[in-house]
Amino acid sequence: MPDLILLRHGQSDWNKQNRFTGWTDVDLSDAGRSEAEEAGRLMAAHGFYPEICFTSYLKRAIRTLWIALDGLDRMWVPVQKHWRLNERHYGDLQGLNKAEMAAKVGEEQVHVWRRSFDIAPPALKPDDPRHPDGDPKYAALSEQERPGTESLKDTIDRVLPYWHQAVAPELKAGRKVLISAHGNSLRGLVKYLDGISDADIPGVEIPTGTPLAYRLDAALSPTDKFYLSERSPSGIAAAK
Ligand SMILES: O=C(O)[C@H](O)COP(=O)(O)O
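Residues numbered from 1 in each chain as written. Predicted model: local features only at pLDDT ≥ 70, side-chain atom pairs only at ≥ 80, totals over all residues.

Describing the overall build of the chain
Phase 1 of the analysis: Of regular secondary structure, the chain possesses seven helices and six strands.
Phase 2 of the analysis: Counting from the amino terminus, helix and strand elements in the chain follow one another as β-α-α-β-α-β-α-α-α-β-α-β-β.
Phase 3 of the analysis: By the compact-globule yardstick of 18 Å for 240 residues, the chain fits well, its C-alpha radius of gyration being 17 Å.
Phase 4 of the analysis: Out of the 240 residues in the chain, the part that is buried amounts to 40%.
Phase 5 of the analysis: Restricting the contact set of the chain to residue pairs at least 6 apart, pairs at least 24 apart contribute 76%. (Helix = DSSP H or I, 4+ residues; strand = E, 2+ residues; numbered from the N terminus. Rg over C-alpha atoms; globule rule 2.2 N^0.38 Å. Buried ≥ 20, exposed ≤ 12 C-beta atoms within 10 Å, placed from the backbone. Contact = placed C-beta atoms within 7 Å.)

Here it is in structure tokens:
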């Protein structure tokens, strides 16, 4: 039985359109909703019933969590939302089509923006309507906390304090935890949990809507890791 499940949101409308999304608050596509339903079914089949859930401030992750929890008949489970679990901020690329950008600036440059560890895309100016400064979701954040762009390293630097402060204590208390978040905030967590090097993290991809399970020891080091879809449920699923 997993202790922790990391769930990247289901396909969003902008995933479908192949657009850089980042902190843009785009909803799930119909396929993304189906992926979230399947994620709930898989968790039930494996007997994984979360006792506390964490998600970002972005509706594609929140809705994925709602749909999965509905499938588990666990909509009552406590949910903590935090901006620190948001997708990596994609700066001035947000809204642009990834293939069109590759045709314009080259595949290599787009790969650097998407997968390099510490290179951030061009930053948004604070008066840009896409900048978090103008978004009420982020009104309580300090100016330094509201990014105009982020590298994966920047993303990890704001995700990990939340992991240590909010998530780790729940796992240490023995509670089953589900985190519904984003490709790059979850790549950051996976890098930390699995001790993946800066050089190797560009090769790590996390698919949408596919629950990634961890078993953890008392120090929260992984003892097992697998996608639920890749392993058949062992024994009888735990009673609801
Ligand atoms: O923000 C985005 O565009 C996606 O959620 C993640 O995109 P990536 O795979 O290009 O990092």
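Overview of unusual backbone geometry
Phase 1 of the analysis: Phi at Asn 18 takes a positive value of approximately 60 degrees, unusual for a residue other than glycine.
Phase 2 of the analysis: As for its position among the elements, Asn 18 is in the loop between α1 (13–16) and α2 (30–45).
Phase 3 of the analysis: We classify Asn 18 as partly exposed; it has 13 C-beta atoms within 10 Å.
Phase 4 of the analysis: In this structure, Asp 73 takes a positive phi of about 55 degrees despite not being glycine.
Phase 5 of the analysis: Note that Asp 73 resides in the loop between α3 (59–71) and β3 (79–81).
Phase 6 of the analysis: By C-beta crowding, Asp 73 is classed as exposed, having 11 other C-beta atoms within 10 Å.

Quick notes on the site of the ligand
Phase 1 of the analysis: Surrounding the ligand, one finds Phe 20, Thr 21, Gly 22, Glu 87, Tyr 90, Arg 114, His 182, Gly 183 and Asn 184.
Phase 2 of the analysis: Residue composition of the shell around the ligand, by class: two nonpolar, five polar and two charged. (Near = placed C-beta within 6 Å. Nonpolar A, V, L, I, M, F, W, Y, C, P; charged D, E, K, R; others polar.)

Looking at the packing of α2 against α3
Helix-helix packing is described using two parameters, namely the angle between the two axes and the distance between the axes.
Phase 1 of the analysis: Taken N-terminus to C-terminus, the directions of α2 and α3 make an angle of 45 degrees; their axes are 8 Å apart at the nearest point. With respect to α3, the element α2 is oriented oblique. Judged by the twist between their axes, the crossing of α2 over α3 is right-handed. Contacts from Gly 32, Arg 33, Ala 36, Glu 37, Ala 39, Gly 40, Arg 41, Met 43 and Ala 44 in α2 reach Arg 60, Thr 64, Ile 67, Ala 68, Asp 70 and Gly 71 in α3.
Phase 2 of the analysis: Classifying every residue of the contact of α2 with α3 by side-chain character gives six nonpolar, four polar and five charged. (Axes fitted to C-alpha atoms, helices over the stretch in contact; angles between N-to-C directions. Parallel < 35°, antiparallel > 145°, perpendicular 65-115°, else oblique. Left-handed = near helix turned anticlockwise from the far one by under 90°.)

As for helix α6 (residues 152–172)
Phase 1 of the analysis: By the largest-angle criterion, Trp 163 marks the main kink of α6, which is about 45 degrees.
Phase 2 of the analysis: Taken as a whole, α6 has its buried residues at Leu 152, Thr 155, Ile 156, Arg 158, Val 159, Trp 163, Val 167 and Glu 170.
Phase 3 of the analysis: Its buried side turned inward, α6 meets β2 (52–55), β4 (177–181) and α7 (183–194).
Phase 4 of the analysis: Just past α6, the residue Gly 174 takes up positive phi, approximately 90 degrees. (Bend = angle between axes of the 7 residues up to and from the residue.)

Section: α7
It helps to recall that an α-helix has 3.6 residues per turn; residues three or four apart then point in one direction.
Phase 1 of the analysis: Taking 1.5 Å per residue as the helical rise, α7 with its 12 residues ought to reach 16 Å, and the 16 Å between its terminal C-alpha atoms agrees with that figure.
Phase 2 of the analysis: Regarding α7, the residues found buried are Asn 184, Ser 185, Leu 186, Arg 187, Gly 188, Leu 189 and Lys 191.
Phase 3 of the analysis: Packing partners of the buried residues in α7 comprise β1 (4–8), α6 and β4.
Phase 4 of the analysis: In the stretch just after α7, Gly 195 is the one whose phi turns positive, near 60 degrees. (Expected span 1.5 Å × (residues − 1).)

Considerations on the confidence of the model for the chain
Phase 1 of the analysis: On average, residues of the chain score 96 in pLDDT, and 98% of them are at 70 or above.
Phase 2 of the analysis: Contacts of residues 236–240 to residues separated by more than four positions or lying in other chains number nine contacts, the stretch itself having pLDDT below 50.
Phase 3 of the analysis: Listed scores for the predicted complex are pTM 0.96 and ipTM 0.96. (pLDDT = per-residue confidence, 0-100.)

Section: the nonpolar core
Phase 1 of the analysis: Ile 5, Leu 6, Leu 7, Met 43, Ala 68 and Ile 179 are the most contacted members of the largest nonpolar core, which has 34 residues in total.
Phase 2 of the analysis: Put simply, the parts of the chain that give this core at least two residues each are β1, α2, β2, α3, α6, β4, α7 and β5 (212–216).
Phase 3 of the analysis: Sequence-distant contacts of Ile 5, that is, excluding residues within four places in its chain, are made with Met 43, Phe 48, Leu 178, Pro 211, Leu 212 and Ala 213.
Phase 4 of the analysis: Membership of the second largest hydrophobic core comes to six residues, among which are Tyr 90, Met 101, Val 110 and Trp 113. (Core = buried A, V, L, I, M, F, W, Y, C linked by C-beta atoms within 7 Å.)

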